[in-house]
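Observations on chain architecture
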Amino acid sequence: MIELIREMFHYPFMFRAFFAGTMITLCASLLGVCLVLKRYSMIGDGLSHVGFGALALASVLNLTPFVFSIPVVIVGAVIMQKMSESGRIGGDAAIALLSSGAMAFGIMIISMTQGMNVDVYNYLFGSILSMSRSDVLLSAFLSAFILFLYVIGYNRIFSVVFDEEFARATGTNAKIYNLLISVITAVIIVLGMKMMGALLISSLIVFPSLTSMRVCKTFKSVVFSSAVVSVICLWIGITISYLYAAPAGASIVLCNAAAFAVYSLVSVLRHRHRT
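This text gives an overview of the structure that appears in the document. Throughout, a residue's number is its position along its own chain's written sequence, starting from 1. Totals for whole chains, interfaces and linings use every residue, but because this is a predicted model, local features are given only for residues with pLDDT of at least 70 and side-chain atom pairs only at 80 or more, for both listing and counting. Calculation of side-chain values draws on the structure's entire complement of heavy atoms; hydrogens and water are dropped beforehand.

To obtain each axis, a line is fitted to C-alpha atoms, and for helices this fit is confined to the stretch in contact; angles are then taken between N-to-C directions over 0 to 180 degrees. Every helix listed is a DSSP run of H or I at least four residues long, and every strand listed is a run of E at least two residues long, numbered separately from the N terminus. Helix H12 (residues 219-244) packs onto helix H11 (residues 203-213) with a crossing angle of 125 degrees between their chain directions and a minimal axis gap of 8 Å. Relative to H12, the element H11 is oriented oblique. Our pair here, H11 against H12, has a crossing hand that is right-handed. Residues Pro208, Ser209, Thr211, Ser212 and Met213 of H11 form the contact with H12, whose participating residues are Val222, Ser225, Ser226, Val229 and Ser230. Here the contact of H11 with H12 is built from residues that sort into four nonpolar, six polar and no charged. Each angle receives one of four descriptions, namely roughly parallel if under 35 degrees, roughly antiparallel if over 145, roughly perpendicular if within 65 to 115, and oblique otherwise. Handedness of a crossing follows from how the near helix is turned relative to the far one, being left-handed for an anticlockwise turn of less than a right angle and right-handed for a clockwise one. The contact criterion used throughout is that any non-hydrogen atoms of two residues lie within 4.5 Å. Following the grouping adopted for this structure description, the nonpolar residues are Ala, Val, Leu, Ile, Met, Phe, Trp, Tyr, Cys and Pro, the charged ones are Asp, Glu, Lys and Arg, and the polar ones are all others, Gly among them.

Now for the environment of leucine 138. When you line up the elements, leucine 138 lands in helix H7 (residues 133-152). Residue leucine 138 is classed as partly exposed on the basis of its relative accessible area of 28%. Sequence separation between leucine 138 and alanine 20 is 118 residues; the distance between their C-alpha atoms is 9.1 Å. Those residues in contact with leucine 138 that sit more than four places away from it in its chain are Phe66 and Ile70. Residue burial is assigned from relative accessible area. The probe radius is 1.4 Å, only protein chains are included, and a residue is buried under 20% of its type maximum, exposed over 50%, and partly exposed in between.

This part covers empty space enclosed by the protein. Residues are said to line a cavity or pocket when one of their atoms sits within 4 Å of a point; the points come from a 1 Å grid over protein atoms alone, cavities being sets where a 1.4 Å probe fits but cannot get out and pockets being open sets with protein on both sides within 12 Å along at least five of seven lines. Grid points are joined across faces, edges and corners, and a volume is the space filled by probe spheres set on the points. In the structure shown here, the tally under the stated rule is one cavity of 30 Å³ or more. The calculated volume of the largest cavity comes to roughly 40 Å³. Along the walls of the largest cavity sit Leu31, Ile146, Leu149, Tyr150, Ile157, Leu180, Ile181 and Ile184, which together make up its complete lining. For the lining of the largest cavity, the secondary structure elements donating two or more residues are H7 and helix H10 (174-196).

Despite not being glycine, asparagine 62 shows a phi value in the positive range, around 60 degrees. Note that asparagine 62 resides in the loop between helix H3 (43-60) and helix H4 (65-86). By relative accessible area, which is 69% here, asparagine 62 ends up exposed. At alanine 245, a position not held by glycine, the phi torsion is positive, near 55 degrees. For alanine 245, the position within the fold is in the loop between H12 and helix H13 (248-274). Using a relative accessible area of 72% as the deciding quantity, one classes alanine 245 as exposed.

Below, the structure is given as C-alpha cells:
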C-alpha cells in the first residue's frame, strides 16, 4: 500500500489531482447539504451545462478557460436564482431552460468551428491529466476562500436552509445567502469540471449529502459525514483510475454510488433492529 502511494505521488499530475480534488470535493459536499435540503440540488447539473457552453466559447476564442468561465457561470447562477425568486418560472424550470440552452449553444459553436477535439472531450468527461499547475493553484485559492466563507457564515446558512421565514424574521438577509450559495456553487462547478467533466460534476454535490442523510440525523453530523465520504470516495476513485486506466470521473462517481448503497443498507438494518 505504501509503495503504491509512493508510486502515485511520484507523478506530478497525480499529486495535483489529489490535492485539487480534495479541496473541490470538500466544498462541493458542504454546499451539497444546503442544496439538497433546499430541494435545489439540480442547480449543479444546470450550471455544469452552462459551464460547458462557456468553456466551448473560451476554447474557440483562445481564452483562458477558467478565467472566462467562472464569471459566465456565476452570471448563470444569478439568473437562475432571480428567475426562481420571481415566481413566474419554477426553480426546476429555470434550471432546465438555462442549462439546455447553454449546452446547445456550446455544441453548436464546437460543431461549426473545431469539432470534438481533446479539450472539449475532457470538459465533457473529465481528465486528471488536464489539470495544470495554474489550475491547481486557482482551485486551492478559491476552495480555501469558499471554506472560509462557509465557516464564518455557518449559523446563518443553517437558519436559511432550515427555515427561511424564521431567518428573515431574525434579521438575516435570506436573499443574499441564497445568492451566495448559488454563486459559490457556480465556482465549484467550474473548478471541478476539468477533473469530473460537465456530465458528472453535479454528482459531487448530490451523492455525499444524500449518502450521509441515510444514517445521520442532525445538520452538523450530515455536514461532517458528507465531507468525509466525499474525500474518501475521491481518493479511492483516483486510485482505481490510476491502477486500471479507468476514467477518473466515472470511478469517483461509482465509489460514491457504492457508499450510498452501504449507507442505505446500514439504515435499513438499523431500522429493522429498532422495530
